[in-house]
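Examining the three-dimensional arrangement
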Amino acid sequence: MTTRGARDAKAINLALQGGGAHGAFTWGVLDRLLEEEWLSFDGICGTSAGAMNACVLAAGLVQGGRDGAREKLEDFWRRISRLGPRRLADLVPGTPFRAVQRALAHWWIDGVARTMSPYQFNPLDVNPLRGILAETIDFELVRACTEAKLFVCATNVRSGKVRIFETAEIDVDHVLASACLPNLFRAVEIDGEHYWDGGYRGNPALFPLFHRTRPNDVLLVLLNPIARDRVPRTPVEIADRINEITFNAPLLAELRAIEFVGRLLDRELLVPEAARQYRKILVHAIGADAHLSEFGSASKLAPEWRFLVELRDRGREAASEWLERAAPHLGQRSTVDLKADFLD
């Protein structure tokens, strides 16, 4: 399937945000983009659910090409749907929890997380995601992937700095580290260092795509709304908005740097020696504001299949809109206004 007929081959970079079950929106985006044979991915940087989608995509590409990647993504999210509120409650052994509504699941888990640490309520370090990742992703295939360079973001607990894990080293622990919410899971230890969710320092980080890949085009797939139309008033709404602002902050800082360097290059304000060290990054975005802003953070924790399919379909629709609007400009210009859309 192609958009407006055949196109010249283009390679882009993908930057995939984390967002729990909302990562099914990214599944839909990827599913739609994979239908476009003229479009390829040189680098993929992901955090949390973004890292999971990236690894599933890479393993699928190696094993079965584009169709294999699409099948693997669907299989992965089907397995994720089996977690549900009941499985999340299993993090606390012996709990009598029986709720089925995602709002109650969120309220209950949030209440436990505010009074006990995972070192107390989860002494065996049970993480339902580990089994799903191990069952659905062949990490040997991930490490063998040459179709795209992978970058997985995690936060070093001790130093507070971002850590980027690259294709040749990625395994299940690196992905779990990228998705480790410290109120729910114990820090993931890798080579003597401990890691939390990468969203605290890069959701996702963009700089690996500048230094380790060829294309200037970066497509952001955003799961956390940047803006909200109304001021939050309830405790849940306030917590949700704090979460969104916190997890968007590192990305906005990098976008500010991209905009600043782009202005300097456009105005030829850098001396030649400095100008040769930089390139103009062309930014594109498939955003959460138009497609996910109606959902609060509670829905990130209870991935029922029907909800995941709805998010997938929204992601496919958003990707189709982006292809129609932005694809003709790849390699030529950004299709977002960084100052207006992200910085002002």
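The structure this text deals with has already been given above.
Residues numbered from 1 in each chain as written. Predicted model: local features only at pLDDT ≥ 70, side-chain atom pairs only at ≥ 80, totals over all residues. Heavy atoms only, no water.

1. Comments concerning the overall build of the chain
Helix and strand counts for the chain stand at 13 helices and eight strands. Buried positions account for 54% of the 344 residues belonging to the chain. Considering only residue pairs separated by 6 or more positions, the chain has 78% of its internal contacts joining residues 24 or more positions apart. About 15,900 Å² of surface is accessible on the chain, with carbon and sulfur atoms providing 51% of the total. (Helix = DSSP H or I, 4+ residues; strand = E, 2+ residues; numbered from the N terminus. Buried < 20%, exposed > 50% of the residue type's maximum accessible area, 1.4 Å probe, protein only. Contact = heavy atoms within 4.5 Å. Areas by Shrake-Rupley, 256 points an atom, 1.4 Å probe, with all protein chains shown as cover.)

2. Comments concerning the pattern of salt bridges
Side chains that differ in charge, positive against negative, can pair when their charged atoms come close. Applying the stated rule across the entire model yields 23 salt bridges. R70 is paired through a salt bridge with D31; the nearest N and O atoms lie 2.8 Å apart. Separated by 39 residues along the polypeptide, R70 in helix α2 (residues 49-81) and D31 in helix α1 (residues 23-33) bring together distant segments of the chain. Among the salt bridges present, the one from E169 reaches R163, with a minimum N-O distance of 3.5 Å. Judged by its relative accessible area of 31%, E169 falls in the partly exposed class. One continuous salt-bridge network, built from bridges that share partners, spans D31, R32, E35, E36, R70 and R316. (Salt bridge = Lys/Arg side-chain N within 4 Å of Asp/Glu carboxyl O.)

3. Details of empty space enclosed by the protein
Counted by the stated rule, this structure contains two cavities of 30 Å³ or more. Its volume calculated, the largest cavity comes out at about 60 Å³. The wall of the largest cavity is formed by 13 residues, among which P225, R228, E244, F295 and K300 lie closest to the centre. Residue composition of the lining of the largest cavity, grouped by class: four nonpolar, five polar and four charged. (1 Å grid on protein atoms, 1.4 Å probe; cavity = no way out; pocket = protein on both sides within 12 Å on 5 of 7 lines; lining within 4 Å. Points joined across faces, edges and corners; volume = space filled by probe spheres on them. Nonpolar A, V, L, I, M, F, W, Y, C, P; charged D, E, K, R; others polar.)

4. Describing the packing of α2 against helix α12 (residues 305-326)
For any two helices packed against each other, the geometry is given by the interaxial angle and the distance between the axes. The interhelical angle for the contact between α2 and α12, taken along N-to-C directions, is 145°, at an axis separation of 9 Å. Judged by the twist between their axes, the crossing of α2 over α12 is right-handed. Between α2, through R70, E74, W77, R78, I80 and S81, and α12, the contact on the second element is made entirely by W305, L308 and R316. In the contact of α2 with α12, the residues fall into four nonpolar, one polar and four charged. (Axes fitted to C-alpha atoms, helices over the stretch in contact; angles between N-to-C directions. Left-handed = near helix turned anticlockwise from the far one by under 90°.)

5. Some points on the environment of A154
Its place among the elements puts A154 in strand β3 (residues 149-156). Given the relative accessible area of 0%, A154 is considered buried. Considering only alpha carbons, one finds A154 and R201, 47 residues apart in sequence, at a separation of 7.5 Å. Setting aside chain neighbours within four positions, we find A154 in contact with K161, V162, R163, F165, A177, S178, Y195, W196 and G198.

6. Considerations on the packing of aromatic side chains
Under the criterion given, the structure shown has five aromatic pairs. Judged by centre distance (5.4 Å) and plane angle (85°), the rings of F76 and W77 are edge-to-face. You can call F76 buried: its relative accessible area is 0%. The exposure class assigned to W77 is buried, which follows from its relative accessible area of 2%. With 5.2 Å between their ring centres and 75° between their planes, F295 and F307 make a pair best called edge-to-face. Pair noted here: F295 is in the loop between β8 (282-286) and α12 and F307 is in helix α12, with a separation of 12 residues, a long-range link. F307 matches F295 in its accessibility class, with the two residues each being buried. (Phe/Tyr/Trp six-rings, centres within 6.5 Å; stacked < 30°, edge-to-face > 60°.)

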